[in-house]
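Read off the chains here:
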Amino acid sequence: MTYHDIVIIGGGPAGLSAAAAARKAGVQDILILERDSVLGGILNQCIHNGFGLHTFKEELTGPEYAARYIAMVEEEKIPYKLNTIVADISGNREVTYINREEGLVTIQAGAVILAMGCRERPRGALNIPGYRPAGIYSAGTAQRLMNIEGYRVGNEVVILGSGDIGLIMARRMTLEGAKVKVVAELMPYSGGLKRNIVQCLDDYGIPLKLSHTVVQIHGKERLTGVTIAEVDENRAPIPGTEEYYSCDTLLLSVGLIPENELSKGAGISMNRITSGPNVDDKLETDAEGIYACGNVLHVHDLVDFVSQEAALAGTNAAAYVKRTKESVPASEGKGHKVPLAAENGVRYTVPQTLNVDAMQDTVTVRFRVADVYKDRYISVYYDDKRVSKKKKKVLAPGEMEQVVLKKSSFAEYPDLRKITICTEVE
Amino acid sequence: MEVRNLICIGCPMGCPLTVTMDGEKTDVTGNTCPRGADYARKEVLSPTRIVTSSIRVTGGEIARVSVKTKSDIPKSKIFDVMAEIRAQKAEAPVQMGQVLIRDCAGTGVDIIATKTVEVA
């Protein structure tokens, strides 16, 4: 069986950044496996701008951002296989892939980095009544059809869900001459970034109807319209509030789901809230030597943070490979692992555990809140003691938050059992 | 004196900004970086946007090349710029950064490719 030090599953922003970081950390033998015919992942179809302000201090479009990382991988001559789909990963890091040239191949990896990204929640998961006519797309599918394959997609559009891709597509379709009639959002708040509401909806006078959903699909061959109704606090449609919108296209922007079939197949423990693997502060899953980063770990809003997170996974995977090669006993990598608890309005944290002894000087903990909160503190507790609080004017589920934990802050807590991240009114 | 509340679109942070205007004099609060202050001033005095779109490519490995205005253009010119972009065609190969339309719609701003499209 062929062996590679690090095998990276996915050549999107996470995989590319992980590869560049692992090479920088001194690992020569890296292989990226990508199922598409090009590197860059979803960035290739995200032709809008706003990427890279944190990483490159300038505003890039998706393809430009991807090109910077592809250039790093090309310059470092890091090998990659395109049109190659991974079929299976085992808990002891055997990776099985398939492509046209080689057929079915199993290779052994010193370390594996999971960077498979996420996929869109489909219509089938929503239970919208009605026929299944043509003209109903997930927002990302429509984005690909329009921006890469060059189709017009539709003329009169209704968008269900206010996720970022839906908002971006509202503007995109408007610019291409379509009439976007309304964006309906089931929740009482938007699922997307505030800036996208401003520059994609407000700029073009597209109404956003919060607490509304599609209750009926009209049309048999091609979509002819949808019925939208207001929902109550239990998200049930309120009779009498139905409104008919004629349209030939319905875009669904109703959430992203980390694509973790391979991780589950490897027997990795998964997190119910993130739908991604549970990881420690090194981004290592509970399967030794298997790391996770980017949208497969938890869905991000900003690619810049994906790149940062993936670089950390790449560096740590490189350290792991070196350690195993130098036959450092596994016990040296072990230490005092403390669980992170998400409480009172914090839905989850990534990482889920922190190794206080082996951690780097600082660890960034990322999380999302459960609802829209105003004037709340984000607090950190070590056991029962509050060690930090930071006031936030607005917190929203659509915007990922973070706190940075310093290694030095744990010196006074040798017997720490739990770190809690929570929101507090005071 | 006029007060306007804005959401910064400079980056995905989306900082809530408050602009106090006294004629041409503006005072910005709520920003967390200098870009925010710049955006707020521009937005109340003469709003601009970067426009991104795509142009049809013939003979390329994909059917469209993504493009953008090289710098921001007046918000009121967005649809004029789009009309020119939509009428334009390009031939593969196209290099990232290549100018595909010069001085689009009289804005003085070029339209450039944001990806490379090789010949199929």
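Trainee: Explanation requested: the domain arrangement of chain B in the structure shown.
Mentor: It is common to give the size of an interface as the accessible area that goes away when the parts come together. Per the domain assignment, the segments making up chain B are domain 1 (2-46) and domain 2 (52-113). Computed over C-alpha atoms only, the centres of domain 1 of chain B and domain 2 of chain B are separated by 29 Å.

Trainee: Would you explain the interface of chain B and chain A in this entry?
Mentor: Contact residues are listed per partner, giving 29 residues for chain B and 34 residues for chain A. Together chain B and chain A conceal approximately 2,800 Å² of surface at their shared face, both sides included; 56% is due to carbon and sulfur atoms. Across the contact surface, chain B and chain A share four salt bridges. Where Arg49(B) meets Asp203(A), a salt bridge forms, and the shortest distance between an N and an O atom there is 2.5 Å. Our count for the contact surface shared by chain B and chain A stands at eleven residue pairs in polar contact (both at pLDDT 80 or more). Elements represented by at least two residues in the side of chain B that touches chain A include exactly helix 1 (34-45), strand 5 (52-58), strand 6 (64-69) and helix 2 (78-87) of chain B.

Trainee: Explain the packing of helix 4 (residues 139-147) of chain A against helix 5 (residues 164-175) of chain A here, please?
Mentor: For any two helices packed against each other, the geometry comes down to the angle between their axes and how far apart the axes lie. Residues and elements named next belong to chain A. Axis separation between helix 4 and helix 5 bottoms out at 9 Å; the angle between their running directions is 35°. By crossing handedness, the relation of helix 4 to helix 5 is classed as left-handed. On helix 5, the residues that touch Ala139, Gly140, Ala142, Gln143, Met146 and Asn147 of helix 4 are Ile165, Gly166, Ile168, Met169, Arg172 and Met173. In terms of residue class, the contact of helix 4 with helix 5 is built from seven nonpolar, four polar and one charged.

Trainee: Mind showing me how you'd approach the sheet that holds strand 3 (residues 25-29) of chain B here?
Mentor: Note on sheets: strands pair through backbone hydrogen bonds, and any given pair is parallel or antiparallel. Residues and elements named next belong to chain B. Taken in spatial order, the three strands line up as 1-2-3 in an open sheet, and their pairing is antiparallel. At either end of the open sheet lies a strand with only one pairing partner, and these are strand 1 (2-7) and strand 3. Recorded for the sheet is a direction-independent mean angle of 25° between the axes of neighbouring strands. Examined bridge by bridge, strand 1 and strand 2 (residues 16-22) share six bridges and lie antiparallel to one another.

Trainee: So what exactly am I meant to see when it comes to the pattern of salt bridges here?
Mentor: Close approach of charged atoms allows side chains with opposite charge to pair. One pass over the full model with this rule turns up 25 salt bridges over all chains. In this structure, Arg102(B) and Asp110(B) form a salt bridge, with 3.4 Å as the shortest nitrogen-oxygen distance. Look at Asp110(B) and you get buried, because its relative accessible area is 18%. Taken together, the salt bridges that share partners define one network made up of Arg35(A), Arg119(A), Glu259(A) and Glu261(A).

Trainee: Sorry, what's going on with the nonpolar core here?
Mentor: The nonpolar side chains of a soluble globular protein tend to be buried, and buried together. Residue and element names in this part refer to chain A. Counting 61 residues, the largest nonpolar core has Ile6, Ile8, Ile9, Ile89, Val95, Ile113 and Leu114 as the members making the most contacts within it. Considering every element that reaches this core, the biggest residue donor is helix 8 (residues 303-325), with eight residues. Residues within four places of valine 95 in sequence aside, it is in contact with Val7, Ile9, Leu33, Val86, Asp88, Ile89, Val105, Thr106, Ile107 and Val112. Among the nonpolar cores identified, the runner-up in size contains 44 residues, and Leu145, Met146, Met173 and Ile206 belong to it.

Trainee: When you look at the packing of aromatic side chains in this model, what are you seeing that I'm missing?
Mentor: Residue and element names in this part refer to chain A. Counted according to the given criterion, the structure contains seven aromatic pairs over all chains. Relative to tyrosine 320, the ring of tyrosine 291 has its centre 6.3 Å away and its plane inclined at 65°; by these criteria the two rings are edge-to-face. Here tyrosine 320 lies in helix 8 and tyrosine 291 lies in strand 19 (residues 290-292), a separation of 29 residues in the sequence. Summarising the burial analysis for this pair, tyrosine 291 and tyrosine 320 share the class buried. A network of ring pairs unites the aromatic residues Phe56, Tyr65 and Tyr69 as a single cluster. The side chain of arginine 376 reaches across the aromatic face of tyrosine 373, ending 3.9 Å from its centre. The ring centre of tyrosine 377 lies 4.5 Å from the NZ or CZ of lysine 389, which sits over that ring.

The rules behind these values
- Residues numbered from 1 in each chain as written.
- Chains lettered and ligands numbered in written order.
- Predicted model: local features only at pLDDT ≥ 70, side-chain atom pairs only at ≥ 80, totals over all residues.
- Heavy atoms only, no water.
- Domains from an automatic or database assignment.
- Contact = heavy atoms within 4.5 Å.
- Buried area = accessible area lost by both parts, 1.4 Å probe.
- Salt bridge = Lys/Arg side-chain N within 4 Å of Asp/Glu carboxyl O.
- Polar contact = N/O pair within 3.5 Å; in protein donor to acceptor, adjacent residues only side chain to side chain.
- Helix = DSSP H or I, 4+ residues; strand = E, 2+ residues; numbered from the N terminus.
- Axes fitted to C-alpha atoms, helices over the stretch in contact; angles between N-to-C directions.
- Left-handed = near helix turned anticlockwise from the far one by under 90°.
- Nonpolar A, V, L, I, M, F, W, Y, C, P; charged D, E, K, R; others polar.
- Pairing = 2+ DSSP bridges.
- Buried < 20%, exposed > 50% of the residue type's maximum accessible area, 1.4 Å probe, protein only.
- Core = buried A, V, L, I, M, F, W, Y, C linked by side-chain atoms within 4.5 Å.
- Phe/Tyr/Trp six-rings, centres within 6.5 Å; stacked < 30°, edge-to-face > 60°.
- Lys NZ or Arg CZ within 6 Å of the ring centre and 35° of its normal.

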